[in-house]
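# Remarks on the overall topology
The residues making up each chain are set out below.
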Amino acid sequence: MDAYDEDSRYRRGPDGSTGARLPESGTDKHRRPGAEEGSGPPLGAVADASSAVAARAAGQPSVDPDRAVGGAGPVDAPPAPPRTGVAALSLRYQVGAAVALAAVAVAACVHLAMVFLSVAPANTVTKQHGKAIEEWVYPEFEQNWKLFAPNPLQQNIAVQVRAEVRTEDGDLRTTGWTDLSARDGAAIDGNLLPSHTQQNELRRAWDFLAATHGTDNRPVGLRGALSETYMRRIVTMRLYREDAIGRRGVVQRVQVRSRTTNVQPPVWSRERFSGKPVYRVLPWWTVTADEAAGGVA
């Protein structure tokens, strides 16, 4: 074929003139007429721009097509969660809250230390600061147990009472001894929820009286007189309530005693204790008018 031969890929018109050149491959037939490489934006860019315009018209946020799918990441970072608790407060209030928490922690530590020292055995700290410890603990935080007690209680103490009653005939009659501790024990046995009064009222009253009286059974100071009044009122009320004394006469005087017995050791122990009870008898107490009427004002 020489230079003057016409390319067979060009169409000829009706008059024999040369027309447009046919595409060389099958993919060229999908190219728009008149479109050439580098002559305009690609179709994808035009479609993406149209989508962005439509999204803005609908009030939706536009998304960068280069980052929406397979890009470097999301367009907008998620909002930070709101602060709660102490972190939501201003700096001034945060400092105040920290100071308050520190003060509560220090007070709790001091209180625990004071209670520990009050029940611990005698030591250098309690000897030097015993008064301060007592002022902190008593009476609100009093403890009735001892830590590391060298000699635990190994005795049974029963509180008993008898009364001098004036009958309707005007005679004075002395009752027998009534074991109030045994009655409390019988009420507690088999009771899943015994009352605090049954367990502790009489026992604590006797401990209070024994601690504030000398070996001659005389009160020591104002607390000794207060313990006598407290014990007298307890036994008088119980006599009226449990022994029906009110139907037989009026209580004029009461007398209290304790009966102490040693707890016997187990059979395998070599220790031996006397089983003979020891009595501590207090003097007669005159009952006041309001107590003699069967009640306590």
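As shown above, the structure is provided for reference.
So, here is what we can say about the structure in this document. (Residues numbered from 1 in each chain as written. Predicted model: local features only at pLDDT ≥ 70, side-chain atom pairs only at ≥ 80, totals over all residues. Heavy atoms only, no water.)

Of regular secondary structure, the protein chain possesses eight helices and eight strands. In the protein chain, buried positions account for 20% of the 297 residues. Looking at the protein chain alone, contacts between residues at least 24 apart form 54% of all its contacts between residues at least 6 apart. For the protein chain, the accessible area works out to roughly 21,800 Å², and carbon and sulfur atoms hold 57% of it. (Helix = DSSP H or I, 4+ residues; strand = E, 2+ residues; numbered from the N terminus. Buried < 20%, exposed > 50% of the residue type's maximum accessible area, 1.4 Å probe, protein only. Contact = heavy atoms within 4.5 Å. Areas by Shrake-Rupley, 256 points an atom, 1.4 Å probe, with all protein chains shown as cover.)

Turning next to the environment of Arg218. Relative to the helices and strands, Arg218 is located in the loop between helix H6 (196-211) and helix H7 (221-242). Separated by 10 residues in the primary sequence, Arg218 and Glu228 place their C-alpha atoms 9.7 Å from one another.

On to the packing of aromatic side chains, then. Under the defined criterion, the tally for this structure stands at zero aromatic pairs. A cation sits over an aromatic face here: Arg257 above Trp177, 4.2 Å from the ring centre. (Phe/Tyr/Trp six-rings, centres within 6.5 Å; stacked < 30°, edge-to-face > 60°. Lys NZ or Arg CZ within 6 Å of the ring centre and 35° of its normal.)

Bringing the side chain of Glu228 into the picture now. With respect to the secondary-structure elements, Glu228 resides in helix H7. In this structure, Glu228 is buried with no salt-bridge partner, the nearest side chain bearing the opposite charge being Arg232 at 5.6 Å. (Lys, Arg positive; Asp, Glu negative; His and termini not counted. Salt bridge = Lys/Arg side-chain N within 4 Å of Asp/Glu carboxyl O.)

With that out of the way, let us pick up helix H3 (residues 91-119). Taking 1.5 Å of rise per residue, the 29 residues of H3 would be expected to cover 42 Å, and the 43 Å separating its terminal C-alpha atoms lies within 8% of that figure. Met114, Val115, Leu117, Ser118 and Val119 are the residues of H3 that are buried. Of the surrounding secondary structure, the elements contacted by the buried residues of H3 are helix H4 (124-137). (Expected span 1.5 Å × (residues − 1).)

With that out of the way, let us pick up a nonpolar patch on the surface. There is a patch of nonpolar side chains on the surface, built from Val106, Val110, Trp136 and Phe141 and spanning about 340 Å² of accessible area. Among the structural elements, Trp136 can be located in helix H4. Relative accessible area serves as the criterion here: at 36%, Trp136 is assigned to the partly exposed category. (Patch = residues over 30% accessible without salt bridge, like charges linked within 9 Å, V, L, I, M, F, W, Y side chains within 5 Å.)

Before going further, it helps to spend a moment on the pairing of strand E3 (residues 155-167). Bridging between E3 and strand E6 (residues 249-262) involves 13 bridges; their strand directions are antiparallel. Residue pairing for E6: Ala158 is matched across the bridge by Arg259. Relative to strand E5 (residues 178-179), E3 runs antiparallel, the two being bridged by two bridges. Across the sheet, Gln160 pairs through a bridge with Asp179, a residue of E5. As defined by bridge partners, E3 adjoins strand E4 (residues 172-174) across three bridges and the pair is classed as antiparallel. In the sheet register, Arg166 faces E4, and the bridge partner there is Leu172. (Pairing = 2+ DSSP bridges.)

By themselves these figures say nothing about function.
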